[in-house]
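An overview of the molecular structure
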Amino acid sequence: HVLYVTNGLPDKADAIRKETLSVCEQLGMTPHFLNCQARAIPLNDFDVNKKILNLLDEFKPEVIFISFLLDDHDDHRRVNHLFLEVLKDKPLPKCEIWAYQVYSSVIPNVAVNITSQRKRKKEMINIWESVGKFNDLAHYILGVNASNCRYIKADDPVWVETFFVVPLEEYIELCQIYFSKTSYYFQKYLT
């Protein structure tokens, strides 16, 4: 199951949603859409928060993948902030957080060799034509994965995904510390 918080900016939302459905179908994943507006993800919207809680209750995940809370993209950080708001003051499910790298480096404690999957990963990324229209997103992401080779000893070139993996309780504590003092770039998030 994959939870998509936004569908991108409004002028691309329909295309991104269609591309997302294609990726999920090819990978055998079930998408769930919150349909929040990019650059305007609410923290305390009853319907949004309830849907997240319902999904957690229904699927009882053992692992949750989320962009790293320090990622250099306001919406990626905002998703972490939303996650914190949804879960604070609630009994936390027993699961691990696998925070992944998008734009900013993570200090990984798990590195996964994806060399055998890199071509498939590129194919899937390239389905999001509307997102990668002005830059080669697959080239960038696989370049990041190539630079992560330093985390795995190998004789041949390798591509590596890195993760910051901790129990949910620890991740929530880190989010509480970070979001008690942080600021965003997008004006909407500053108010």
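A brief structural summary. (Residues numbered from 1 in each chain as written. Predicted model: local features only at pLDDT ≥ 70, side-chain atom pairs only at ≥ 80, totals over all residues. Heavy atoms only, no water.)

**Points about the overall build of the protein**
In plain terms, the rule: Every helix listed is a DSSP run of H or I at least four residues long, and every strand listed is a run of E at least two residues long, numbered separately from the N terminus. Put simply, the radius of gyration uses C-alpha atoms, and a globule should come to 2.2 Å times the residue count raised to 0.38. Three exposure classes are used, based on accessible area relative to the maximum for each residue type with a 1.4 Å probe and protein chains only: buried under 20%, partly exposed in between, and exposed over 50%. Contacts are assigned to residue pairs with any non-hydrogen atoms lying within 4.5 Å of each other. To measure how exposed things are, a 1.4 Å probe is used in the Shrake-Rupley method; for residues, cover is taken only from the protein chains shown. Working convention for charge: Lys and Arg count positive, Asp and Glu count negative, and His plus the chain ends are omitted. The location of each charge is read from NZ of Lys, CZ of Arg, CG of Asp or CD of Glu.
Each helix and strand in the protein was counted, giving seven helices and six strands. Ordering the α and β elements of the protein from the N terminus gives β-α-β-α-β-α-β-β-α-α-β-α-α. On C-alpha atoms alone, the protein measures out to a radius of gyration of 17 Å, which is about the 16 Å that the 2.2 N^0.38 rule sets for 191 residues. In terms of its C-alpha atoms, the protein occupies a principal-axis envelope of roughly 50 × 35 × 35 Å. With 191 residues in all, the protein has 43% of them scored as buried. The long-range fraction of contacts in the protein, counting pairs at least 24 apart against all pairs at least 6 apart in sequence, stands at 78%. Element-wise, carbon and sulfur atoms account for 53% of the exposed surface of the protein, whose accessible area totals about 11400 Å². Of the charged side chains in the protein, 22 are positive and 25 negative; the average position of the first set lies 2 Å away from that of the second.

**Description of the sheet that holds strand β5 (residues 110–113)**
To keep it simple, the criterion reads: Strand pairing is defined by DSSP finding a minimum of two bridges between the two strands. Convention adopted: a line fitted to C-alpha atoms gives each axis, helices being fitted over their contacting stretch, and angles between N-to-C directions are expressed from 0 to 180 degrees.
Spatial strand order, β3-β4-β6-β5: four strands in an open sheet with mixed pairing. The open sheet has two edge strands with one neighbour each: β3 (63–67) and β5. Across the sheet, the mean angle separating the axes of adjacent strands is 30° when strand polarity is ignored. Bridging between strand β4 (residues 96–100) and strand β6 (residues 160–167) involves five bridges; their strand directions are antiparallel. Bridged to Y100 within β6 is F163. Lying over the sheet, helix α6 (residues 168–179) contacts β3, β4 and β6, oriented at roughly 95° with respect to β6.

**A short note on the nonpolar core**
Definition in use: Residue types Ala, Val, Leu, Ile, Met, Phe, Trp, Tyr and Cys, when buried and joined through side-chain atoms within 4.5 Å, form a set referred to as a nonpolar core.
In this structure, L82, F83, L87, I97 and Y171 are the most contacted members of the largest nonpolar core, which totals 32 residues. When residues of this core are traced back to their parent elements, those giving at least two are β2 (31–36), α2 (46–59), β3, α3 (74–87), β4, β6 and α6. Sequence-distant contacts of L82, defined by excluding residues within four places in its chain, comprise V5, I41, P42, L43, V48, N49 and I52. In terms of nonpolar packing, the next biggest core, distinct from the first, is built from nine residues, V2, I16, C24 and I127 among them.

**Observations concerning the environment of E169**
One can find E169 in helix α6. Placed 80 residues apart in sequence, E169 and D89 show a C-alpha to C-alpha distance of 12 Å. The contacts of E169, once residues within four sequence positions are left out, are L92, P93 and K94.

**Details of the packing of aromatic side chains**
The criterion, for reference: Within 6.5 Å between ring centres, the rings of Phe, Tyr and Trp (the latter by its six-membered ring) count as paired, and their orientation is classed by plane angle as stacked under 30 degrees, edge-to-face over 60, tilted in between. Sitting over a ring, as applied to charges here, requires NZ of Lys or CZ of Arg to be within 6 Å of the ring centre and within 35 degrees of the ring normal.
Tallying each qualifying case throughout the model produces eight aromatic pairs. Their ring planes at 65° and their centres at 5.6 Å tell us that F68 and F164 sit as a pair that is edge-to-face. Of this pair, F68 sits in the loop between β3 and α3 while F164 sits in strand β6, placing them 96 residues apart in sequence. Per residue, the accessibility class of F68 equals that of F164, and both read buried. The side chain of R17 reaches across the aromatic face of F33, ending 3.9 Å from its centre. Against the face of W159 rests R118, its NZ or CZ located 3.9 Å from the ring centre.

**Some details on the state of the cysteines**
As used in these notes, a disulfide is a covalent bond between sulfur atoms, one from each of two cysteines. Let me state the cut-off plainly: Two cysteine sulfur atoms form a disulfide, by the criterion used here, when they sit within 2.5 Å.
Inspection of the entire model under this criterion finds zero disulfides. We note that C36 lacks a disulfide partner, and the nearest cysteine sulfur, in C24, lies 17 Å from it. What makes C36 buried here is its relative accessible area of 7%.

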